[in-house]
Structures are given as C-alpha cells and as structure tokens.
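Working through the structure, step by step
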Amino acid sequence: MASISLRKLNKTYGALTVVHDIDLEIADKEFIILVGPSGCGKSTTLRMIAGLEEVSGGDLVIGDEVVNDVPSKDRDIAMVFQNYALYPHMTVYKNMAFGLMLRKAPRDEIDRKVMEAAKILDIEHLLNRKPKALSGGQRQRVALGRAMVRNPEVFLLDEPLSNLDAKLRGTMRAEIAKLHKRLGATFIYVTHDQVEAMTMADRIVVMKDGHIQQVDTPQNLYDRPVNMFVAGFIGAPQMNMLPVTILRDGQGFVARFEGQNLPMPGNLDQSRIAAYEGREAVLGIRPENFHEVAPDDIPAEALAQMSAVVELTEPMGSEVHLGLTWAGRPITAKVSPRCKAAEGETLNLLVDMSAAHLFDPKSELSLFSDAPQPRGIAA
C-alpha cells in the first residue's frame, strides 16, 4: 500500500515558515496534483515527501510507517525533476539502469527492466544515445524511464513538463496520464499550470502561502470553489469579481451592480443569499458565462442583459476573449469565434446568473460552499 498521510506537516527556515501545518490524505494509486502560484510551498511539500527536505514538524506517513527520519533511498519513491537530472556522460541505457546498478541488481534483471520501460515509453531506438543528442521530450521520457525501472510505489513529479513547448506538453500530459493507469502507482505531481492540473488529476490540492486552500476533484474546484483565491486561480481566463449589494425582489433576490439588478435564480441557495440581504457581497462570473444569444439550456429568467464597451479582442481560434468595460469595471468575456465585435464598440451580452458565485468581501469565502474554512484566509 502506498497511501500517504501528511499530518500537521510544516517546514520552517529559521523564523520563516513556508509550509503551515498541512493535513492531506492521499489514497493508494491516486493521481494527485499540488497547484498554486510560485512560492506557495508546493515543491517544498513534495521535497519533504521525497526526503530531500527535513520535516520541521508534524508527521509524514507512507503506508503505515512514519518516515520523517527515514532516508530518501529507503522510502520506495522515485522523483522526476523539472531539469531531467540526467548524467550527460552516460547513454540512455546507463542513465536508466544506474539506480539498479547501485543496488547491485543482477545484469539480466537490469536489462529486462530497462527494455520494458523503454518499450512502454517508445525510446528503444534511443538507448545508445547520450542526453545531448535528445530533444526535450525524449529527455523527459528517459527521466520517467529511470524512475520506472525502480518499480516504486510512489512517483513524485516536480513540474516535469515546464521546459517543453506547448504542443509537446499536451502530448506528454496524455502520456503521463496513461502511464499512471498502466503502472498502478501513486502519483504526486507539482505544477503551477492549472491546465495540467485540470486534465490529469484525480484530485487537486490548491495551495497559497504555505496553506492548503481546497482539495477536490477538478470539476468540483471549478463548480464550487471554497473562496475567491481558488475561484480566481481555477479557470482561464480567470473569474470576474464584481462588488454588489444583495436586495430582495419579491420572493427572490437580486444582486445590484452599478444601478442594475441581476437576478439570483432559484437554483442558487436562497437561504444563504437571504443572510446577506441588504449587505455587500462579491459576485463572481466566469468569462464563459457571457453569451451573445440565449442558450437553449438556460432558463430565460436566469439571464441578465448587459451592455459593455469592447476594449480588447483576442482571437484564440476556437473562441474569442474580449476585454470589456461594464459600468466602469473591467471584465473578460469568452465568446464564439463568430463574434465580430470591434474595439470601441458597445456590445450587448447575456449573463448566465444560474452559474454565478457569491463571496463574502471580508473573509473571501464562498456563500455556497460547505467546505471547511481554509487557513491563511482573513477572518
């Protein structure tokens, strides 16, 4: 079993704490991704699991064993680094075999494991080359192969695709996801790229300033972010945040924004909205929830009309990103490539309020989330 438990795990450097008492349960064979901005503590957490950083406090449990003081080589893990960390003077074969050779594994066992890994990764034809003769994607495959031949229970991957071009990153994402299913090992993966996180992970751990903000499936993070940070970090372009006042309107509620009443439709939790009647809140609207024409699957009463001035157009091929000014506030909308709006033009759009989010302006917590309050958020 390669389940992993982080129990009040923290890391300090003198008076500076970079990881704050984090709790996390990782199931056997799970693919979990740590994501967050630079400096949030995700790589430090991974390096503590690897044994490359000492644990300052709390317990790190792999299987049933507390491994705080267990050397890295005895933890049955393999790590794949951002810079590949290949030996330049060795062939691909020897790079992959090196760990087994250090353990004095039998020659036939080494050869069998290297050839099996090379076949899975489609690098059999590269075994006699040295790293300088390989492309970035080929080097990354060799680094993965070197980890695979050890047959570890846990793979740790620290931003392994960040040095690759966009097309190759997409290909390698799919390859790593397939590799995880084939090997049946636990994968813990660190990235700052939310696309990698959303497309590969069973669950995502969102971190900020050394604190875990939310742990959930990719879809739940998108649909039910626990706070404004998670809401803004997950999704591209990021969610629009607008200051509103919650007012009663007959049997329901509206969010008043710069003189315009935006409906709070019945699919949203009316009891939680009621608690903010007459109070300020922050309305979150994702760019993809603006529409040029009414979608067939959204009730008419959930759509609000708005007019905004086009400041910027960014054609993306399959969609167009618009930088708009709505009632003096900058927003971003994602619309179809058929939109021919020009800069300076006033554009009429429909807002899908059934997909809206509301947040407390002080705590920044979602009004609709039942998740426990994360640490590191203002009270």
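Numbering of residues starts from 1 in each chain and follows the order in which that chain's sequence is written. Local features are withheld for residues below a pLDDT of 70 in this predicted model, meaning they are given only at 70 or higher, and side-chain atom pairs are given and counted only at 80 or more; totals for whole chains, interfaces and linings count all residues. Side-chain measures were taken over the full set of non-hydrogen atoms in the model, leaving aside hydrogen atoms and water.

Quick look at the overall build of the protein chain now. Numbering of helices and strands starts at the N terminus; helices are DSSP runs of H or I of at least 4 residues and strands are runs of E of at least 2. Along its length, the protein chain carries 9 helices and 20 strands. Taking the principal axes of the C-alpha coordinates as reference, the protein chain spans close to 80 × 45 × 35 Å. Of the contacts made within the protein chain by residues no fewer than 6 positions apart, 67% connect residues no fewer than 24 positions apart. Surface accessibility follows the Shrake-Rupley procedure with a 1.4 Å probe radius. Residue values consider only the protein chains on display as shielding. Total accessible area on the protein chain stands at roughly 17900 Å², and carbon and sulfur atoms take up 48% of it. Charged-residue counts in this description rest on Lys and Arg as positive and Asp and Glu as negative, His and the chain ends being excluded. One atom stands in for each charge, and that atom is NZ of Lys, CZ of Arg, CG of Asp or CD of Glu. Averaging the positions of the 42 positive and the 49 negative side-chain charges in the protein chain gives two centres separated by 8 Å. By the convention used here, residues are in contact when the closest approach between their heavy atoms is within 4.5 Å.

Let us now look at the sheet that holds strand β11 (residues 240-249). In a beta sheet, neighbouring strands are held together by backbone hydrogen bonds and run either parallel or antiparallel to one another. Strands are treated as partners if at least two bridges between them are detected by DSSP. If you walk across this open sheet you meet the 5 strands as β13-β12-β11-β14-β20, and the pairing is antiparallel. In this open sheet, the two edge strands, each paired with only one partner strand, are β13 (260-264) and β20 (357-359). Averaged over all adjacent pairs, the angle separating strand axes in this sheet is 45 degrees, with direction ignored. The pairing of strand β12 (residues 252-257) with β13 spans 5 bridges and is antiparallel. Where helices are involved, their axes are fitted lines through C-alpha atoms of the stretch in contact, as for all axes, and angles between N-to-C directions lie from 0 to 180°.

A few words now on the domain arrangement of the protein chain. Residue ranges for the domains trace back to a domain assignment, done automatically or taken from a database. Here the domain parsing of the protein chain yields domain 1 (4-231) and domain 2 (239-359). Using C-alpha coordinates to define each centre, domain 1 is positioned 39 Å away from domain 2. Taken together, the contacts link 7 residues of domain 1 with 7 residues of domain 2. Each of two parts loses accessible area, computed with a 1.4 Å probe, when they are put together; buried area is these two losses added. Together domain 1 and domain 2 conceal approximately 600 Å² of surface at their shared face, both sides included; 63% is due to carbon and sulfur atoms. When residues of domain 1 are sorted by the area they lose upon contact with domain 2, Y222, M228 and A231 head the list and together hold 80% of the total. Within this document, salt bridges are pairs made up of a side-chain nitrogen of Lys or Arg and a carboxyl oxygen of Asp or Glu, the two lying within 4 Å of each other. On inspection of domain 1 and its partner domain 2, the count reaches 0 salt bridges. N or O atoms within 3.5 Å of each other form a polar contact, as long as, within protein, one can give a hydrogen and the other can take it, and as long as residues adjacent in sequence are counted only when both atoms are side-chain atoms. In this structure, the connection of domain 1 to domain 2 is made through 2 residue pairs in polar contact (both at pLDDT 80 or more).

Looking now at unusual backbone geometry. At the junction of A236 and P237, the peptide bond is cis and its omega measures out at -10 degrees in the coordinates. Looking at where P237 falls in the secondary structure, it is placed in the loop between α8 (228-233) and β11. Positive phi, normally seen in glycine, also occurs at K8, with a value near 55 degrees. With respect to the secondary-structure elements, K8 resides in strand β1 (residues 4-13).

We now examine helix α3 (residues 107-121). A rise of 1.5 Å per residue sets the reference length of α3, with its 15 residues, at 21 Å; its end C-alpha atoms lie 21 Å apart and thus fit the reference within 8%. For the exposure calls, accessible area comes from a 1.4 Å probe over protein chains only, and a residue counts as buried if that area is under 20% of its type's maximum, exposed if over 50%, partly exposed in between. Those residues of α3 lying buried are I110, K113, V114, A117, A118 and L121. The arc that holds every buried residue of α3, seen down its axis, measures 130 degrees, which confines them to one face. With respect to the buried face of α3, the exposed residues turned more than 90 degrees away are D108 and K119. Just downstream of α3 lies D122, where phi reads positive at about 60 degrees. A helix is expected to span 1.5 Å for every residue after the first. The arc in question is the one traced by the directions running from the helix axis out to the C-beta atoms.

Next up on the list: the sheet that holds strand β4 (residues 57-62). Pairing in this open sheet of 4 strands is antiparallel, and the strands run β2-β1-β4-β5 from one edge to the other. The strands lining the two open edges of the sheet, one partner per strand, are β2 (16-26) and β5 (65-66). Here β1 pairs with β4 via 5 bridges, running antiparallel. Within the sheet, the bridge partner assigned to N10 lies in β4 and is G57. Sheet strands touched by helix α1 (residues 42-50): β1, β2 and β4. Its angle to β1, the strand with the most contacts, is close to 115 degrees.

Before going further, it helps to examine the nonpolar core. Among the nonpolar cores identified, the biggest contains 48 residues, and M96, L144, L157, I176, Y189 and V206 are the most heavily contacted of them. The residues touching V206, leaving out its near neighbours within four places in the chain, are V35, H211, I212, Q213, Q214, L221, F229, V230 and I234. In this text, buried Ala, Val, Leu, Ile, Met, Phe, Trp, Tyr and Cys residues form a nonpolar core when linked through side-chain atoms within 4.5 Å. One finds A281, V320, L349 and M353 within the second-largest nonpolar core, a separate group that totals 35 residues.

A few words on the packing of helix α4 (residues 136-148) against helix α5 (residues 166-183). Interaxial distance between α4 and α5 falls to 11 Å at its minimum, and their mutual angle equals 15 degrees. It follows that α4 is roughly parallel to α5 by the angle criterion. The hand of the α4/α5 crossing is right-handed. Listed contacts from α5 to G137, Q140, R141, L144 and M148 of α4 are L168, M172, E175, I176, L179 and L183. By the definition adopted for this analysis, an angle is roughly parallel if under 35 degrees, roughly antiparallel if over 145, roughly perpendicular if from 65 to 115, and oblique otherwise. By the definition used in this description, the sense in which the near helix is turned from the far one sets the handedness, with an anticlockwise turn below a right angle giving left-handed and a clockwise turn giving right-handed.

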